[in-house]
Amino acid sequence: MTLQHPIIGGFSPDAGVYWSKLSAELSLTNAKQQFCWVLPAPTGADLGGEVSFTVPDNYSSTPVLVLRGVIDGTPANVLGVGAQLLQRDVGESVDTAYEAEDTASNSTWTGYADEEEYEIAITLTPSAAFVAGRTVLLRLYRDDSVDTQTINFLMTNLLFRYTEA
Amino acid sequence: MAALVDADFQAIRNIVRSEPAQWAAFKVWSMSKAQYRAAFQAMETWFVDGVTARPATSLKAALEAAIGATLTIAQVKLIGYAWAGWRFAAKL
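What you see is a predicted model; the values in this text were computed from it and never measured.

(A) Quick peek at the nonpolar core. Residue and element names in this part refer to chain A. One finds L65, L67, L124, M155 and L158 to be the most contacted residues of the largest nonpolar core, which totals 34 residues. Listing elements by their share of this core, those giving two or more residues are β4 (35–39), β5 (47–54), β6 (59–72), β7 (79–88), β9 (117–123), β10 (135–142) and β11 (152–164). The element contributing the most residues to this core is β11, with 5 residues. Apart from residues lying up to four places away in sequence, L67 is in contact with L39, V81, Y118, E119, I120, I122, L140, F153, M155, N157 and L158.

Below, the structure is given as structure tokens:
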């Protein structure tokens, strides 16, 4: 069975990424004051933030990172996102480079519009299989080399999706 | 001709972002990142060159050539006013 759980707690933003409320970013008729992280379109460098989570005890396989949020503008062009990770066991140093990035993008916006909920998933390919109980340090971002949008993405959740044992 | 850099494009965007009505107009535009950069670079070039020589084309024509798409008068004004807001705040 596929499970997913939120890992957005403790999200540490890059400079240029900021927290806000949906109604402060969108012109809503029906106000919504939920918290969101504003991910602006990158303009020269990858732009996102970092987070850490613990691999669930019932983890088996197929790790996927899921960004959920609200589109802040008429969607067009390419939304490109990336993630880099580092799995650490107790006794392993965090002063180690992240592994190579995994990426995802979307350029088909049929059926999507401003102010709509949206989700994009990145298949993670750790160099060593995830082990239950270990810490995963993760950096996620809008990928400057791929993303050609000019609008913000309002991230309301970040999920770790996987197949249970 | 001054070439705008990444920080300039971000600053212009923040200027637009700070004005709700302008940001709302910008968000529905569907302009790509490349078009956005070409537009403001063309705006910068048109103004700087125009200081000492009559521009060969109208601002609207220059922006349309840079972006590769037809613009409405409102869109031309949005680019011009955003550029002016950035220029005034950043460079004076």
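(B) Representation of the interface of chain B and chain A in the model. With 14 residues of chain B in contact, the opposing surface of chain A contributes 21 residues. Of the roughly 1,400 Å² buried at the junction of chain B and chain A (both faces included), carbon and sulfur atoms supply 40%. At the boundary of chain B with chain A, the tally comes to 3 salt bridges. A salt bridge links A:E25 to B:R17, with the shortest nitrogen-to-oxygen separation between them at 2.2 Å. Counting across the interface, chain B meets chain A through 16 residue pairs in polar contact (both at pLDDT 80 or more). Mapped by element, the contributors of at least two residues to the side of chain B that touches chain A are α1 (6–17), α2 (20–27) and α3 (33–50) of chain B. When residues of the side of chain B that touches chain A are assigned to their parent elements, the largest contribution, 4 residues, is made by α1(B).

What counts and how
Residues numbered from 1 in each chain as written. Chains lettered and ligands numbered in written order. Predicted model: local features only at pLDDT ≥ 70, side-chain atom pairs only at ≥ 80, totals over all residues. Heavy atoms only, no water. Core = buried A, V, L, I, M, F, W, Y, C linked by side-chain atoms within 4.5 Å. Buried < 20%, exposed > 50% of the residue type's maximum accessible area, 1.4 Å probe, protein only. Helix = DSSP H or I, 4+ residues; strand = E, 2+ residues; numbered from the N terminus. Contact = heavy atoms within 4.5 Å. Buried area = accessible area lost by both parts, 1.4 Å probe. Salt bridge = Lys/Arg side-chain N within 4 Å of Asp/Glu carboxyl O. Polar contact = N/O pair within 3.5 Å; in protein donor to acceptor, adjacent residues only side chain to side chain.

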